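Residues per chain, in single letters:
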Amino acid sequence: MSDSRSSSLAGKLAKIGVSNPDRAVAVLGEFPPLLEHDSFVEELALAPDPDLALESSLAWFSAADSTLQHEWLSDAGTRARWLMISGASEAFSQFLIQHPAEMRILCTNGLWENYGSRASVIERILASVAATWRDGRWIAESDSEAQLNSLRRAYRREVVAIAARDLSGDVALEVVTEHLSDVADAVIEAATAVAWASVNPGEPLSRFAVIAMGKCGGRELNYISDVDVIFVAEPFHENSVGFIEEASRLASRMIQVCETPTAEGMIWQVDPALRPEGKSGALVRTLDGHVSYYERWAETWEFQALLKAREMAGDVELGRQYVDAISTFVWKAAARPNFVEDVQAMRKRVIDNIPAKEQEREIKLGVGGLRDVEFAVQLLQLVHGRSDVMLRSSTTLVALDALATWGYVGREDAATLAKAYRFERMLEHRIQMFSMRRTHLIPESETDLRRLGRAMGLRNDPVASLYATWHRHKVEARRLHEKLFYRPLLQAVVRLDPTDARLSMEAARERLSALGFVDPENAMRHLASLSQGVSRRAAIQRTLLPVMLSWMAATPSPDAGLLGFRRVSENLGATPWYLRLLRDESLVAERLAYLLSSSRYFTDLLLRAPEAVSLLEDDESLQPRTLETLLKEMESVASRHLAAVDAVAAIRGIRQRELIRISASYLLNLITVAEVGVALTDITEATLHTSLNAVMNEHIAAGAELPEIAIIGLGRLGGRELNFSSDADICVVYRGTAESAASQVLHVISFWQQLLSAPAHDPALIVDMDLRPEGKQGPVARSLDSYAAYYERWALTWESQAMLRARAIAGSDSLGADFIALIDPLRYPENGLNETELREIRRIKARVESERLPRGANPHNHVKLGPGGISDVEWTAQLLQMNHAWQIPQLRTLGTLDALKAAQQYALIDESEREYLQAAWLLASEIRNGITLTAEMPSDSIPSDQAALKLLSFVLHQSNGTQLLELYRRNARRCRQVMQKYVYGQIDEE
């Protein structure tokens, strides 16, 4: 070869990745057919490891005769498959070098194209040991080393054919693992036939069956793995004495046939450790012996393992009987105490037992590895497969697809999990096939990693691409494992009887009655509407409903919960995310069941905006929005509409969503009653502010010249203490004296009120202006000067008291500030209240108690106006403010509890008195909110109806109605004593 040609060839070899191209050129010179072949050098680029492929090619060429060499050189398909095999697997290329004629496996017209069925594989392997069918079994010609060598060679021929198809990318992972499992079945059948030849070539005493377990049982075997098996035997004839001993010898010899090293090596280990009692148990048992063990002694992990049991070899009928017998145990396993926890703990132990130095390289047992996928799928199968036979596949990917098809796992989640599983299984295969050594660790050397990446099809920067892709799949596998494997829904499902779905109508009614449904007939109609049919929605509902019913049954009003759930589900119609959310995020489902069963207020709101169910997904989503955030969002949506009516409708829509958020958060005990007051106030304030701006902007756009307008919040709105039934107490002030200004303001405010209170899809916001000067007889709005004149001449003590919680909340900031400056001397009078003013306050307080209490109401159960109610607390705080705030600035606060805290700080009341007043105010406020949330109509009276009282006690986390009443009256009694001391000047000596 000329120097120029050698140099050119070396350059080509270097370009395709050969590490020592000069040496390669020299060696190739010794093989003229290869050197002179037009495309061999270029084809080396196909090999995952070109060095290994070249070295193996030269070795095979040396071993092959000229006929084989010619066949190899003349078939491009054969060469391509050879280069993939020899560049990915030292073990496979050594087999072909040792037996050059086996290269024909890779020929286009050879076994490559005619792999055939499982039966054909078994036929070929049995032929390798000259097995014949006799006395109901396969029996080999002899049990000799020649037979063992023949079996090993036949086995490797099959596996090389599978690997060639696999590496070429012509078959899916599932086909590869099925074929490898078929080969394992055939080898076990042939090994048993060889064993019979030495154990008992005459008439057998036993019927003998081999059961595949683990990956082989699931028809998802690796290239090299222990083959897990269980043995079962029965007498060949009714009086066959010693059949168990014969079967045990047969099983032992069969294992040796597979494991004993010969000139052709060994096949793989056969592991019978999954049998009853493990390695300390009998190697072979009868069918009854197996059943008896599983009935009495088996542990949770054994039933999980039996999920993959499959008849494999030997007496097929006996194997099927075994699988049928144990399937009953498998699909009852989830009913065992602590089943879910046991499976979860088992997975954790596997991870904990991985050596620290191997954790980052584990693709099977580690975090995000194959076991994460398998355990998640198996747990879901065992829990839901009790009542759904469609889930009972022993193959991971088939089972995962069934879980997605029938609504137990989201399709997107299942697809992501399947991709991760396929990638990691392929990675495991490529690692194992190199030396046919059982391992699932990512190699560490750069050369091995590069070969591995290229064998995975990652040709561009294979090492970096390999790590990046593996990491991505690991993260996704772990995320979905944790989502599915630790799904709280599973804990609830395993507590339910899977036969519920098959109950008779009468039994179903009885079961619903036992769960606490008052109207089981109606409940059954709701259930039928939700779950009947063959749609995916109906399938998911059938999964959800048993659990939802159990959660609803834990509340005092399951009937309301089921009705609400049906209405919400129907309103959302075919919305794809809704049921998927409930299934995949079971916290949402549990919360929804609780809320719909507990709160008519929440249910009514959700029915108006069912998409808000997504807020239940996590605690953060349920946290109240800040005033700043609400203002920004409302201003943004309002700006998209020219007409005020459309802008206010959009603003009200946001308010509706926020009411859902706050009511759910409060009912779920995520925020306190004081935080509810602030959150509801922020929603209301933002609504008033942005809607007023929208109305004013429309008037200005139409040519109106509006004066400055400010809205002053009063009462609970001003004090940031709103409850769920509160109106918005306000007064309106404008700047200017012209009569036209008053008319324009009246028009704006009337239109604004109308838009906020108009019937619509969302709840109305009622604006109440009765606390303005002269009450309902006074003008809707006054100028600042008019307010000043009125307060100077006519203000009554109660009007001064009403201003204690006044603050500017909307409109002109400067005008609002001027109004507050105007009323400060009024509400914080210098030198406090005189005797006449104090008597007036006492008179009004007594009048309120006697005249405003609803007719027929029990005053001791009225949390607002009754003795020790909210009114007692607020009047006490307000009297202290009006008497002392002129000299104690800290009392100039808007909130009731803040005023009491300041009063204690400056020794106006003692600590115990503040605590009594605060406890009474908080409990009364909770009761008031609770009544609104649970009842059809808001009320300030603790209900006398026992069902309503039970539900109220439930949402307030009290054991029962009696306990709630006792607690309220004790707090009210203490509060009343403090109020009488500071408002009426009386001291109760009790």
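Quick caveat, the model's predicted, so the values are computed rather than measured.

Cut-offs and rules
- Residues numbered from 1 in each chain as written.
- Predicted model: local features only at pLDDT ≥ 70, side-chain atom pairs only at ≥ 80, totals over all residues.
- Heavy atoms only, no water.
- Helix = DSSP H or I, 4+ residues; strand = E, 2+ residues; numbered from the N terminus.
- Rg over C-alpha atoms; globule rule 2.2 N^0.38 Å.
- Buried < 20%, exposed > 50% of the residue type's maximum accessible area, 1.4 Å probe, protein only.
- Contact = heavy atoms within 4.5 Å.
- Areas by Shrake-Rupley, 256 points an atom, 1.4 Å probe, with all protein chains shown as cover.
- Lys, Arg positive; Asp, Glu negative; His and termini not counted.
- Charge placed at Lys NZ, Arg CZ, Asp CG, Glu CD.
- Pairing = 2+ DSSP bridges.
- Axes fitted to C-alpha atoms, helices over the stretch in contact; angles between N-to-C directions.
- Parallel < 35°, antiparallel > 145°, perpendicular 65-115°, else oblique.
- Left-handed = near helix turned anticlockwise from the far one by under 90°.
- Nonpolar A, V, L, I, M, F, W, Y, C, P; charged D, E, K, R; others polar.
- Expected span 1.5 Å × (residues − 1).
- Polar contact = N/O pair within 3.5 Å; in protein donor to acceptor, adjacent residues only side chain to side chain.
- pLDDT = per-residue confidence, 0-100.
- Phe/Tyr/Trp six-rings, centres within 6.5 Å; stacked < 30°, edge-to-face > 60°.
- Salt bridge = Lys/Arg side-chain N within 4 Å of Asp/Glu carboxyl O.
- Core = buried A, V, L, I, M, F, W, Y, C linked by side-chain atoms within 4.5 Å.
- Right-handed = clockwise from strand over helix to strand, strands pointing away.

What to know about the overall build of the chain
Here comes step 1: The number of helices and strands found in the chain is 44 helices and twelve strands.
Here comes step 2: For a compact globule of 990 residues, the expected C-alpha radius of gyration is about 30 Å, and the chain comes in at 41 Å, more than 25% above that figure.
Here comes step 3: When its C-alpha atoms are laid out on the principal axes, the chain stretches across 125 × 85 × 50 Å.
Here comes step 4: Buried residues in the chain amount to 56% of all 990 residues.
Here comes step 5: Once local pairs closer than 6 in sequence are excluded, the contacts in the chain between residues at least 24 apart make up 73%.
Here comes step 6: As presented, the chain carries roughly 41500 Å² of accessible surface, and 50% of it is formed by carbon and sulfur atoms.
Here comes step 7: Side chains of the chain give 107 positive and 132 negative charges; the mean places of these two sets differ by 2 Å.

Topic: the pairing of strand 12 (residues 807-811)
Here comes step 1: With four of five residues buried, strand 12 is to be regarded as a mostly interior element.
Here comes step 2: Summarising the sheet, strand 8 (residues 709-713) and strand 12 pair through four bridges and their orientation is antiparallel. When the bridges of strand 12 are listed, Ile712 appears paired with Ala808.

With respect to the packing of helix 10 (residues 145-167) against helix 20 (residues 411-435)
Here comes step 1: The contact between helix 10 and helix 20 brings their axes to 12 Å, and the two run at 135°. By the criterion of interaxial angle, the relationship of helix 10 to helix 20 is oblique. The chirality of how helix 10 crosses helix 20 is left-handed. For the pair formed by helix 10 and helix 20, the contact residues are Ala163, Asp166 and Leu167 on the first element and His429, Arg430 and Met433 on the second.
Here comes step 2: Taken together, the residues of the contact of helix 10 with helix 20 sort by class into three nonpolar, one polar and two charged.

Considerations on helix 7 (residues 76-88)
Here comes step 1: Along its 13 residues, helix 7 runs 18 Å from first to last C-alpha, staying within 8% of the 18 Å computed at 1.5 Å per residue.
Here comes step 2: With respect to burial, helix 7 is a largely interior element, ten of its 13 residues being buried.
Here comes step 3: Looking only at helix 7, the buried set comprises Thr78, Arg79, Arg81, Trp82, Leu83, Met84, Ile85, Ser86, Gly87 and Ala88.
Here comes step 4: The N-cap of helix 7, judged by a side-chain oxygen 2.9 Å from the amide nitrogen of Gly77 a few residues on, is Asp75.

What to know about the environment of Ile700
Here comes step 1: In this structure, Ile700 sits in helix 33 (residues 673-701).
Here comes step 2: When its relative accessible area of 47% is taken as the criterion, Ile700 is described as partly exposed.
Here comes step 3: On a C-alpha basis, the gap between Ile700 and Ala560 in space is 48 Å, while along the polypeptide they are 140 residues apart.

Concerning the confidence of the model for the chain
Here comes step 1: Within the chain, residue pLDDT values average 89, and 95% of them lie at 70 or more.
Here comes step 2: Note on residues 496-503: pLDDT under 50 across the span, and nine contacts to partners over four residues away in sequence or across chains.

Thoughts on the packing of aromatic side chains
The geometry of an aromatic ring pair is captured by the separation of the ring centres together with the interplanar angle, meaning the angle of the planes.
Here comes step 1: The final tally for this structure, using the stated rule, is 20 aromatic pairs.
Here comes step 2: Each ring, one from Tyr155 and one from Trp268, has its centre 6.1 Å from the other, and the planes form 80°; the classification is edge-to-face. Here Trp268 lies in the loop between helix 13 (243-259) and strand 5 (270-271) and Tyr155 lies in helix 10, a separation of 113 residues in the sequence. Here Tyr155 and Trp268 have matching classes, each one buried.
Here comes step 3: Geometrically, the ring pair formed by Tyr594 and Phe954 is tilted, given 5.6 Å between the ring centres and 45° between the ring planes. Of this pair, Tyr594 sits in helix 29 (residues 586-598) while Phe954 sits in helix 43 (residues 946-955), placing them 360 residues apart in sequence.

Some thoughts on the pattern of salt bridges
Here comes step 1: Tallied over the entire structure, the rule returns 52 salt bridges.
Here comes step 2: Glu658 is the salt-bridge partner of Arg661, the closest N and O atoms lying 2.9 Å from each other. With Arg661 and Glu658 both in helix 32 (residues 644-667), this residue pair falls three residues apart, about one helical turn.
Here comes step 3: Residue Arg661 is classed as buried on the basis of its relative accessible area of 3%.
Here comes step 4: Within this structure, Arg625, Glu633, Arg657, Glu658 and Arg661 form a network of salt bridges that share partners.

Some points on the nonpolar core
Here comes step 1: Counting 141 residues, the largest nonpolar core has Phe565, Leu592, Leu688, Ile711, Ile730 and Ile927 as the members making the most contacts within it.
Here comes step 2: Sequence-distant contacts of Ile927, defined by excluding residues within four places in its chain, comprise Val863, Ile942, Leu952, Leu956, Leu964 and Tyr968.
Here comes step 3: With 99 residues, the next largest nonpolar core counts Ala10, Leu44, Ile105 and Leu126 among its residues.

What to know about the environment of Ile431
Here comes step 1: Mapped onto the elements, Ile431 comes out in helix 20.
Here comes step 2: When the C-alpha atoms of Ile431 and Gly832 are compared, they prove to be 88 Å apart, with 401 residues separating the residues in sequence.
Here comes step 3: Ignoring anything within four residues of it in the chain, the contact list for Ile431 reads Ile363, Thr439, Leu441, Ile442, Pro443 and Leu452.

What to know about the pairing of strand 4 (residues 227-235)
Moving residue by residue along a regular strand, the side chains alternate between the two faces of the sheet.
Here comes step 1: Within strand 4, seven of the nine residues are buried, leaving the element largely enclosed by the surrounding structure.
Here comes step 2: As paired elements, strand 3 (residues 206-212) and strand 4 share seven bridges and run antiparallel to each other. When the bridges of strand 4 are listed, Phe208 appears paired with Ala233.
Here comes step 3: Bridge analysis of strand 4 against strand 5 gives two bridges, and the strand direction is parallel. Pairing of Val227 across the sheet is with Val270, part of strand 5.
Here comes step 4: You can see the chain leave strand 4, run along helix 13 and come back into strand 5, and the turn it takes is right-handed.
Here comes step 5: The pairing of strand 4 with strand 6 (residues 284-285) spans two bridges and is parallel.

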